[in-house]
Amino acid sequence: MPVSGSEIVKMLPGRKPCKDCGFPTCFAFAMKLATGGTTLDKCPYLSAEVKAKLEDMLAPAIKLVTIGTGDNKVQVGNEEVIYRHEKTYIHPPGIAILISDKETDSKVEEKIKKINELKFPWVGLTLKAELIALHFESGDKNKFLSLVKKVYDSTSQGLIIISEDLDTLFSARDICIDRRPLLYPITKDNIDQAIPKLKEKPTPVAIRGANIEELIPLTKKLKEAGVDEALLDPGSKNLMEAIRDQTFIRRAALKQGFRPLGYPTIAFPCFMSKDGLKEALTASVFIIKFASVIVLSDFDQYSLLPLLVLRLNIYTDPRFPMAVEEKYYEIGEPDENAPVLITSNWALTYFIVYSAIEATKIPSFLCVKDTEGLGVLTGWAAGKFTGDSVGAMIKKSGIETRVKNKKIVIPGRVARIKGELEDALPGWEVVVGPREASGIGTFLPEYIKSLRK
Ligand code: SF4
């Protein structure tokens, strides 16, 4: 539950506007604090006690947890809304593949290959699963530790260590500690033994309870011990219970500001169904209904891609269209005689036009004008694809130093900017492309070929 400026100001020193924080009044400082625009340390007059209270009030309602390191780190939590349309979801759930130490060597190899190689290019992004969950099932500690070492050595992804045996859990943790593994499960039965080891080498953990109520004293105990990077598993036994529990936890954290449940969650479709299709469907529900880490027993390209696309759609900010960077792009290896075309930076337009040009096999330059993610015609209507602004973009982009033949093709739908663009770009010939080329690109290939004749 976001804290308001008026709640914060009651706790500030209220010295006659000393302005030492850089704001004219305590109230202005409080308002900025509430929106995350400044930090507590800017006011030097806060007592340690008040500072601690304010830090707690200003902390995100759902704790940010990091699993893994470097380019392969997965951050979850920090969500601010129940429903995506209220604002946006922030951190997409990490998707993990489960590897048990009871599986054959060839199966383990196959799963490692999948996590390393199953990657899908998608509107300028690369979609993939990010995590590997290693499950101690065999009862043979040495066998499990060899599996952990093997996976650690042959991958760079974040790891989840699953072991009911605490000693094995921490021995496995020590093998891959530099990769910030997630340890699971911390329960009411092992938490007291686990806390000293967690304090010694801080590692994110996932807490398992028989139900939501059982999680509450466990998160409190961990927090008191200074171990605060945790995920919650409310022990849901089926999909109905899972939806109920995930929703309850999210609402308690965001609507009631209930700190003991202010943590991201972990879900195990892998343990909820033996049928691959049902498991994938269950995972899709968890993507929509608030899980932050989702563990699958296995996947292939046909079951993984739909989940990754669903995740992308749910976690794309609905307030902003997907857009690409404003600059000129090279398609093939264009030389100084290559055609120059321009379009808007709405990702859909860009990729369709890019693909249409690529299909001609004629090396070209494609200039992309920032229209804040609008299509060409809508961008023009909003004043973001005018002759002047396109001309300024062309000059700024540096394309003029790359081409001898100064001829630029504009989308037919905005033929009306031709005159203005000619004025803005002296020395350039402005050619009106086919009308459809603004977004659909239907006639673009033939048109580009005709330019070379
Ligand atoms: Fe108020 Fe502190 Fe800012 Fe001074 S420095 S105006 S006391 S918030």
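For the structure, check the block above.
Here goes a summary of the coordinates provided.

Cut-offs used in this document
- Residues numbered from 1 in each chain as written.
- Predicted model: local features only at pLDDT ≥ 70, side-chain atom pairs only at ≥ 80, totals over all residues.
- Heavy atoms only, no water.
- Helix = DSSP H or I, 4+ residues; strand = E, 2+ residues; numbered from the N terminus.
- Buried < 20%, exposed > 50% of the residue type's maximum accessible area, 1.4 Å probe, protein only.
- Contact = heavy atoms within 4.5 Å.
- Areas by Shrake-Rupley, 256 points an atom, 1.4 Å probe, with all protein chains shown as cover.
- Lys, Arg positive; Asp, Glu negative; His and termini not counted.
- Charge placed at Lys NZ, Arg CZ, Asp CG, Glu CD.
- Near = heavy atom within 4 Å.
- Nonpolar A, V, L, I, M, F, W, Y, C, P; charged D, E, K, R; others polar.
- Pairing = 2+ DSSP bridges.
- Right-handed = clockwise from strand over helix to strand, strands pointing away.
- Core = buried A, V, L, I, M, F, W, Y, C linked by side-chain atoms within 4.5 Å.
- Salt bridge = Lys/Arg side-chain N within 4 Å of Asp/Glu carboxyl O.
- Axes fitted to C-alpha atoms, helices over the stretch in contact; angles between N-to-C directions.
- Parallel < 35°, antiparallel > 145°, perpendicular 65-115°, else oblique.
- Left-handed = near helix turned anticlockwise from the far one by under 90°.
- Polar contact = N/O pair within 3.5 Å; in protein donor to acceptor, adjacent residues only side chain to side chain.
- Arc of directions from axis to C-beta.

1. Structural notes on the overall build of the chain
Along the backbone of the chain there are 16 helices and 17 strands. Reported as C-alpha extents along the three principal axes, the dimensions of the chain are approximately 75 × 70 × 35 Å. Counting every position in the chain, which comprises 453 residues, the buried fraction comes to 48%. The long-range fraction of contacts in the chain, counting pairs at least 24 apart against all pairs at least 6 apart in sequence, stands at 67%. Taken as a whole, the chain presents about 21,400 Å² of accessible surface, with 54% of it coming from carbon and sulfur. Each charge class in the chain can be summarised by its mean position, and for the 62 positive and 58 negative side chains these summaries are 4 Å apart.

2. What to know about the site of the ligand
Every residue close to the ligand is listed here: Pro-13, Arg-15, Cys-18, Lys-19, Asp-20, Cys-21, Cys-26, Phe-29, Cys-43 and Tyr-45. Residues that form the shell around the ligand fall into these classes: seven nonpolar, no polar and three charged.

3. Some details on the pairing of strand β16 (residues 407–410)
Inspection of the sheet shows strand β14 (residues 340–344) paired to β16 by two bridges, in the parallel sense. Residue pairing for β16: Leu-341 is matched across the bridge by Val-409. The pairing of β16 with strand β17 (residues 429–432) spans four bridges and is parallel. From the neighbouring strand, Ile-410 faces β17, where its bridge partner is Val-432. The β-α-β motif built from β16, the intervening helix α15 (residues 418–424) and the parallel element β17 has right-handed crossover chirality.

4. Describing the nonpolar core
Taken as a class, soluble globular proteins show a tendency for nonpolar side chains to be buried jointly. Formed by 71 residues in total, the largest nonpolar core has its most connected members in Leu-134, Phe-144, Ile-161 and Leu-222. If we skip the residues at most four places from it in the chain, Ile-161 touches Leu-134, Phe-144, Val-148, Leu-169, Ala-172, Cys-176, Pro-181, Leu-182, Leu-183 and Tyr-184. Ranked by size, the runner-up nonpolar core spans 21 residues in total, among them Ala-338, Ile-342, Phe-365 and Ile-410.

5. Quick word on the pattern of salt bridges
Enumeration over the complete set of coordinates arrives at 25 salt bridges. The salt bridge partner of Arg-208 is Glu-164, with a shortest N-O separation of 2.9 Å. Residue Arg-208 is found in strand β9 (residues 205–208), and its partner Glu-164 is found in the loop between β7 (158–162) and α6 (166–175); the two are separated by 44 residues along the sequence. Where Glu-422 meets Lys-418, a salt bridge forms, and the shortest distance between an N and an O atom there is 2.8 Å. Linking Glu-422 with Lys-418, this pair stays in helix α15, spanning four residues, or about one helical turn.

6. Some thoughts on the packing of helix α10 (residues 276–288) against helix α11 (residues 301–314)
It is at 10 Å that the axes of α10 and α11 come closest, and there the two elements cross at 15°. Accordingly, the angle class assigned to the pair α10 and α11 is roughly parallel. α10 and α11 meet at a crossing whose hand is right-handed. Of the residues in α11, those in contact with Ala-280, Ala-283, Ser-284, Ile-287 and Ile-288 of α10 are Leu-307, Leu-310, Arg-311 and Ile-314. Residue composition of the contact of α10 with α11, by class: seven nonpolar, one polar and one charged.

7. Some thoughts on the side chain of Thr-203
Its location among the elements puts Thr-203 in the loop between α7 (191–200) and β9. For Thr-203, the side chain forms a polar contact with the side chain of Arg-173, separated by 3.0 Å. One polar contact links the side chain of Thr-203 to the main-chain carbonyl oxygen of Lys-201, over a distance of 2.8 Å. In this view, Thr-203 contacts Arg-173, Ile-177, Pro-181, Leu-183, Leu-198 and Glu-229; residues no more than four positions away in its chain are not counted.

8. Describing helix α14 (residues 387–397)
Working note: α-helix, 3.6 residues per turn, so residues spaced by three or four point in the same direction. Buried within α14 we find Gly-387, Val-390, Gly-391, Met-393 and Ile-394. An end-on view of α14 places all buried positions within 160° of arc, on one side of the element. Remark: Gly-398 follows α14 within two positions and exhibits a positive phi of approximately 90°.

9. Some details on the sheet that holds β9
Strand order in this open sheet of eight strands is β10-β9-β8-β7-β6-β3-β12-β11, and the pairing throughout is parallel. Strands with a single pairing partner mark the edges of an open sheet, and in this sheet they are β10 (230–233) and β11 (266–267). Two elements, strand β3 (residues 94–100) and strand β12 (residues 293–296), share four bridges in a ladder whose sense is parallel. The residue of β12 that forms the bridge with Ala-96 is Val-295. Relative to the sheet, helix α4 (residues 105–117) contacts β3 and β6 (131–135), its axis offset from that of β3 by approximately 165°.

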